[in-house]
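Chain residues, written in single-letter form:
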Amino acid sequence: MHQARLRKARQQMQKRSLDAFLSMHMPNVFYLSGFSGSSGALILTLEKCVLLVDPRYSIQAREECKDAEVRDFRGVSSVKAVSDVINELRPRRVGIEADHVSLSIYRNLRRSVDSSIGLSSVSGLIENLRSVKDEHEVAQIRAAAKIADDAFAAVIADIKPGITEKEAALLVDWHLRKLGADREAFDTIAAAGTNSSCPHAKPTDAKLKTGQLLKLDFGARVGGYNCDITRTVVIGEPDSKQLEIYQIVLEAQLKAIEAIAPGKSGREIDSIARDYIAARGYGDNFGHGLGHQLGIEVHDGPALSTTSELILEPGNVVTVEPGIYIEGWGGIRIEDDVLVTERGAEVLTHSPKKDLINVLRAHSE
Ligand SMILES: [Mn+2]
């Protein structure tokens with residue numbers, strides 16, 4: 001699995017006239033080597049793959065990384081250790097990840113790497129590979145999505161008026177972990193009433209009340225991969241405005257999902273949902289992009305937005321998450337994870353969404 005990824009990375013290096021590539025960006029290091037620690041550096045040449053870790057991670061790195069030569073360093077800075085390996089391997093030109101290396105690290109590298117070795121700024125070399133998921137990656141995201149779906153079903157049975165947003169978020173997290181998630185993909189959002197009008201609201205100590213909307217946005221992380229799902233429910237009987245807006249968001253989401261296919265642009269898919277919402281008078285209430293790519297990172301690259309350059313291809317995993325947010329009233333978002341296949345969209349998250357779920361009724365059923 002990592003051998004195939006290293007092969008692809010080397011092809012990309014050759015296309016850019018690089019005979020070495022340095023990554024200190026952990027999502028990329030994990031992708032290329034399987035190392036899941038919090039810091040390390042991977043130096044890839046056309047023949048060698050060296051993973052440098054500090055002593056905290058020596059044992060773990062040797063266990064996790066069968067396709068890399070693991071070395072540990074102590075008593076020197078990580079930049080000095082990286083420079084020593086580069087000087088030993090003597091490439092002509094090393095690609096440095098411009099989006100992830102700080103100016104001070106770059107300056108220190110330039111000082112300690114032999115002046116005959118070129119350091120070139122590169123962007124997206126590994127991210128472009130990560131955008132097309134292999135079978136193993138899709139299996140992890142599928143497993144994460146299954147856990148999130150099962151957690152949602154369990155949470156619905158637990159939620160009732162009187163518990164706080166923070167307690168609702170904790171219930172989500174508890175069920176995710178209990179069902180086998182390694183951890184949450186990100187800080188769970190549980191936002192009720194007017195707080196739900198903030199797309200990325202923080203859970204508060206406010207207690208859930210009958211008649212309120214409750215927006216739950218959460219995800220599981222499994223084997224280093226994330227899923228991301230949002231459902232909006234109502235505590236008790238929904239009113240007509242809640243039902244009206246829910247239907248618009250749902251319809252916008254279903255239309256966008258249906259349009260997903262290889263060759264379509266991220267912008268096109270975004271506009272299908274956006275135009276539908278605008279035509280119903282809520283254009284100003286959908287401020288964010290329709291979705292992002294999903295993988296080792298929760299925001300694993302741009303996907304569906306008004307500015308996206310992405311052309312969809314089989315193996316992309318994207319979220320589709322339109323929302324309508326009205327200040328002082330509340331917000332409704334519905335989010336699912338979608339795998340792009342030759343035939344179109346395969347939805348990976350399956351929690352019910354056909355109707356605005358009445359939590360109290362679901363509870364009594
Ligand atoms: Mn999302």
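A.B. asks: I tried to follow the overall build of the protein on my own but got confused; where do I start?
C.D. replies: A count of helices and strands for the protein gives eleven helices and 20 strands. Radius of gyration (C-alpha) of the protein: 23 Å, near the 21 Å computed for a compact globule of 365 residues. Seen through its C-alpha atoms, the protein measures out along the principal axes to roughly 70 × 40 × 35 Å. In the protein, which comprises 365 residues, the proportion classed as buried is 56%.

A.B. asks: Where do I start with the environment of R183 in this structure?
C.D. replies: Its place among the elements puts R183 in strand β7 (residues 183–184). Expressed as a C-alpha distance, the spacing of R183 and V222, which sit 39 residues apart in the sequence, is 7.5 Å. Residues within four places of R183 in sequence aside, it is in contact with R177, G219, A220 and R221.

A.B. asks: Whenever I open this one, the coordination of the manganese ion confuses me. Can you help?
C.D. replies: Ideal coordination angles are 109.5 degrees for a metal with four donors arranged tetrahedrally and 90 or 180 degrees for a metal with six donors arranged octahedrally. Surrounding the manganese ion are the protein donor atoms D228 (OD), H292 (NE2), E321 (OE) and E335 (OE), which sit 2.1 to 2.3 Å from the metal. Mapped onto the sequence, the residues coordinating the manganese ion show the spacing D-x63-H-x28-E-x13-E. With D228 in the loop between β11 (225–226) and β12 (229–234) and E335 in the loop between β17 (330–333) and β18 (336–341), this pair connects stretches of sequence that are 107 residues apart. Accessibility classification places D228 together with E335 in one group, the buried group.

A.B. asks: Would you mind going over the sheet that holds strand β19 (residues 344–347) with me for this structure?
C.D. replies: Backbone-to-backbone hydrogen bonds pair the strands of a sheet. The strands run either parallel or antiparallel. The strand order β15-β18-β19 describes an open sheet built from three strands, whose pairing is antiparallel. For this open sheet the edge positions go to β15 (317–320) and β19, each flanked by a neighbour on one side alone. For this sheet, the mean angle separating the axes of adjacent strands, direction not counted, is 40°. As defined by bridge partners, β15 adjoins β18 across four bridges and the pair is classed as antiparallel. If you follow T319 over to β18, its bridge partner there is D337.

A.B. asks: It is not clear to me how the packing of helix α7 (residues 135–158) against helix α8 (residues 165–178) should be interpreted in this structure. Could you clarify?
C.D. replies: Relative placement of two packed helices is described by the angle separating their axes and the distance separating the axes. Where α7 contacts α8, the two axes come as close as 9 Å, and the packing angle between them is 135°. For the element pair α7 / α8, the angle class is oblique. Considering how the two elements wind past one another, α7 and α8 form a crossing that is right-handed. Touching I147, A148, A151, A154, V155 and D158 of α7 are L171, V172, H175 and L176, all from α8. A breakdown of the residues in the contact of α7 with α8 according to their chemical character gives eight nonpolar, one polar and one charged.

A.B. asks: Please clarify how the sheet that holds β12 should be interpreted in this entry.
C.D. replies: Taken together, the four strands give an open sheet; going across it, the order is β8-β9-β12-β20, and neighbouring strands pair in mixed fashion. Each edge of the sheet is formed by a strand with only one pairing partner; in this case those strands are β8 (189–192) and β20 (357–358). Of the strand pairs in this sheet, β12 and β20 are connected by two bridges, and their pairing is parallel. Bridging across to β20, V234 finds its partner in N358. Strands β8 and β9 (213–218) of the sheet are contacted by α8, whose axis makes an angle of about 145° with β8.

A.B. asks: Looking at this model, I keep getting lost on the packing of aromatic side chains. Mind explaining?
C.D. replies: Here a ring pair, both rings aromatic, is described through the centre-centre distance and the interplanar angle of the planes. For the structure shown, the criterion picks out two aromatic pairs. Taken together, a centroid distance of 6.2 Å and an interplanar angle of 55° make the contact between F30 and Y225 tilted. In this pair, F30 sits in helix α2 (residues 26–33) while Y225 sits in strand β11, placing the two residues 195 residues apart along the sequence. With respect to burial, F30 and Y225 carry one shared label: buried. Residues F35 and Y57 carry aromatic rings whose centres are separated by 5.3 Å and whose planes lie at 80° to one another, so their mutual orientation is edge-to-face.

A.B. asks: Any chance you could explain α8 here in plain terms?
C.D. replies: Think of an α-helix as turning once every 3.6 residues; residues three or four places apart then point the same way. The terminal C-alpha atoms of α8, which comprises 14 residues, lie 20 Å apart, in line with the 20 Å expected from a rise of 1.5 Å per residue. Packing partners of the buried residues in α8 comprise α7, β7, β8, β9 and β10 (220–222).

A.B. asks: Just checking my understanding: could you explain the nonpolar core for this structure?
C.D. replies: Inside soluble globular proteins, nonpolar side chains tend to come together where they are buried. Counting residues in each nonpolar core, the largest one holds 65 residues, and the members touching the most others are F35, L51, I159, L176, L214 and L216. Of all the elements, α7 adds the most residues to this core, at ten residues. Looking at this core, you find at least three residues from each of domain 1 (2–129) and domain 2 (135–364). In this structure F35 touches M26, V29, F30, G40, L51, V53, Y57, Q60, A61, E64 and C65, once residues within four positions along its chain are discounted. Counting residues in hydrophobic clusters, the runner-up holds 32 residues, among them I277, F286, I326 and L356.

A.B. asks: Would you mind showing me how to read the domain arrangement of the protein here?
C.D. replies: Reports often express the size of an interface as the amount of accessible area lost when the parts come together. In terms of domain boundaries, the protein breaks down into domain 1 (2–129) and domain 2 (135–364). Each partner contributes to the interface: domain 1 provides five residues, whereas domain 2 provides seven residues. Summed over both sides, the interface of domain 1 with domain 2 buries roughly 440 Å², with 64% coming from carbon and sulfur. When the buried surface of domain 1 facing domain 2 is broken down by residue, R5, P27 and F30 rank first, second and third, together holding 74% of it. Our enumeration of links across domain 1 and domain 2 arrives at zero salt bridges. At three residues, α2 tops the list of elements feeding residues into the side of domain 1 that touches domain 2. Among the residues making up the side of domain 1 that touches domain 2, the classes are represented as three nonpolar, one polar and one charged.

What counts and how
Residues numbered from 1 in each chain as written. Predicted model: local features only at pLDDT ≥ 70, side-chain atom pairs only at ≥ 80, totals over all residues. Heavy atoms only, no water. Helix = DSSP H or I, 4+ residues; strand = E, 2+ residues; numbered from the N terminus. Rg over C-alpha atoms; globule rule 2.2 N^0.38 Å. Buried < 20%, exposed > 50% of the residue type's maximum accessible area, 1.4 Å probe, protein only. Contact = heavy atoms within 4.5 Å. Donors = N, O, S within 2.8 Å, 3.2 Å for Na, K, Ca; no water. Pairing = 2+ DSSP bridges. Axes fitted to C-alpha atoms, helices over the stretch in contact; angles between N-to-C directions. Parallel < 35°, antiparallel > 145°, perpendicular 65-115°, else oblique. Left-handed = near helix turned anticlockwise from the far one by under 90°. Nonpolar A, V, L, I, M, F, W, Y, C, P; charged D, E, K, R; others polar. Phe/Tyr/Trp six-rings, centres within 6.5 Å; stacked < 30°, edge-to-face > 60°. Expected span 1.5 Å × (residues − 1). Core = buried A, V, L, I, M, F, W, Y, C linked by side-chain atoms within 4.5 Å. Domains from an automatic or database assignment. Buried area = accessible area lost by both parts, 1.4 Å probe. Salt bridge = Lys/Arg side-chain N within 4 Å of Asp/Glu carboxyl O.

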